[in-house]
Amino acid sequence: MTIYSRILGTGSYLPEKVVSNQDLERMVDTSDAWIRDRTGIAERRIAADDEFTLDLAEKAARNALDAAGVDPQELDLIVVATTTPDRVFPSTACLLQSRLGAKGCAAFDVQAVCTGFVYALGVADQFVRSGTAKKALVLGAETFSRIIDWTDRNTCVLFGDGSGAVVLGASEEPGVMSTHLHADGDYADYLHVPTGVSTARAVLEEGRAYVEMNGPGVFRMAVSTLGRIADETLEHNHIDKSELDWLVPHQANIRIIQATAKKLDLPMDRVIVTVDKHGNTSAASIPLALDTAVRDGRIKRGDLFMIEGFGGGFTWGSALIRY
Ligand code: ACO
């Protein structure tokens, strides 16, 4: 008997503070028209000074557990995708486990930047398929605003904070049908924060502790790579693109999303778009978009959808999921 993982429930959380493009016009040399035209973003949420990634993660986790009807103590696994953990260690997943009172289960973080949620889902899916876990909590949670240089117009207009989560359960019915994870570290310098723990002293002296990006280079690679991974996902499952009900893409830029939708011949009303209201929330963007569409009734039980993401590394990945 084949075991699959199924999404039992979704949840998400956005910080209260809204920062509009007009707010950014007062901070850097930019305009609402430029940001909307080049990215599709109108506003983003930014965490309060006393609100951290773990706080965001906890709220999304509780929403997802409620939706799934799962008690935290039933969890066998917690995987948090984050680029912006509260501490160097313990992992955000361990801190979250304690907050939820889910003692004893495996808990760890994965770091694949904007592809983080797809990676976390891929890992958790393997745990469930192998019988190692029956119930898993998978999250993307970010306070990306903390690694942004708010005087750099090239990057500060793009990102926001938020969190999203799913609860997976073992099932004889699919579920997550396949996950596809890739990386090419040769492109590390295209999109990075040059500071790490080990290099902190050296790099901080140069003042480079924030996101640096070759925007057009990332854009070109994202469009071509996401097109390829969509093909890989469909071919692996022997399905035609016409069978897809929804695309739930990483929300970086509306033009990247439109290019992937075009490749899949999907009209934009079958693509979940939240980038206008959320900006790019990195690992949180896909589960945030998914939860939005589940809660507003667009994605229904039985629907077939693809998630796909691209981010720093470069990393990229996708999954085909029957809700
Ligand atoms: N406001 C006004 N002008 C700006 C701004 C801004 N916020 N930012 C850049 N510009 C200027 C540039 O300085 C440049 O001016 P110049 O021609 O005088 O030098 C001009 O606008 C055009 O800049 P480009 O970089 O060529 O503009 P482009 O159309 O490529 O759009 C963007 C830039 C939006 C960053 C785009 O390249 C992009 O979205 N890239 C993908 C980046 C991304 O999504 N990164 C997120 C992480 S990875 C991921 O999640 C996929």
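Residues numbered from 1 in each chain as written. Predicted model: local features only at pLDDT ≥ 70, side-chain atom pairs only at ≥ 80, totals over all residues. Heavy atoms only, no water.

**Q** I tried to follow the side chain of N280 on my own but got confused; where do I start?
**A** Note that N280 resides in the loop between α10 (275-278) and α11 (285-295). Under the relative-accessibility criterion, N280 is labelled buried at 5%. Here the side chain of N280 touches S282 through a polar contact of 2.8 Å, landing on its backbone nitrogen. Among all residues touching N280, those that are not within four sequence positions of it are I41, C114, L158, F159, G160, H250, Q251 and A252. (Helix = DSSP H or I, 4+ residues; strand = E, 2+ residues; numbered from the N terminus. Buried < 20%, exposed > 50% of the residue type's maximum accessible area, 1.4 Å probe, protein only. Polar contact = N/O pair within 3.5 Å; in protein donor to acceptor, adjacent residues only side chain to side chain. Contact = heavy atoms within 4.5 Å.)

**Q** Would you mind showing me how to read the pairing of strand β6 (residues 135-143) here?
**A** The side chains of a regular strand alternate between the sheet's two faces. Within β6, eight of the nine residues are buried, leaving the element largely enclosed by the surrounding structure. Relative to β6, strand β4 (residues 77-81) runs parallel, the two being bridged by five bridges. In the sheet register, I78 faces β6, and the bridge partner there is L137. Examined bridge by bridge, β6 and strand β7 (residues 161-171) share nine bridges and lie antiparallel to one another. Looking at β7, one finds that T143 is bridged to D161. (Pairing = 2+ DSSP bridges.)

**Q** I tried to follow the sheet that holds β4 on my own but got confused; where do I start?
**A** Two strands in a sheet stick together by hydrogen bonds in their backbones, pointing the same way (parallel) or opposite ways (antiparallel). The sheet built from five strands is open, its strands ordered β1-β7-β6-β4-β5 with mixed pairing. Only two strands of the sheet have a single partner each, and these edge strands are β1 (4-13) and β5 (106-110). When the angles between neighbouring strand axes are averaged without regard to direction, this sheet yields 20°. Against the sheet, helix α5 (residues 116-129) contacts β1, β4, β5, β6 and β7, and its axis sits at roughly 170° relative to β6. With respect to the sheet, α11 is in contact with β1, β6 and β7, its orientation differing from that of β1 by roughly 90°. (Axes fitted to C-alpha atoms, helices over the stretch in contact; angles between N-to-C directions.)

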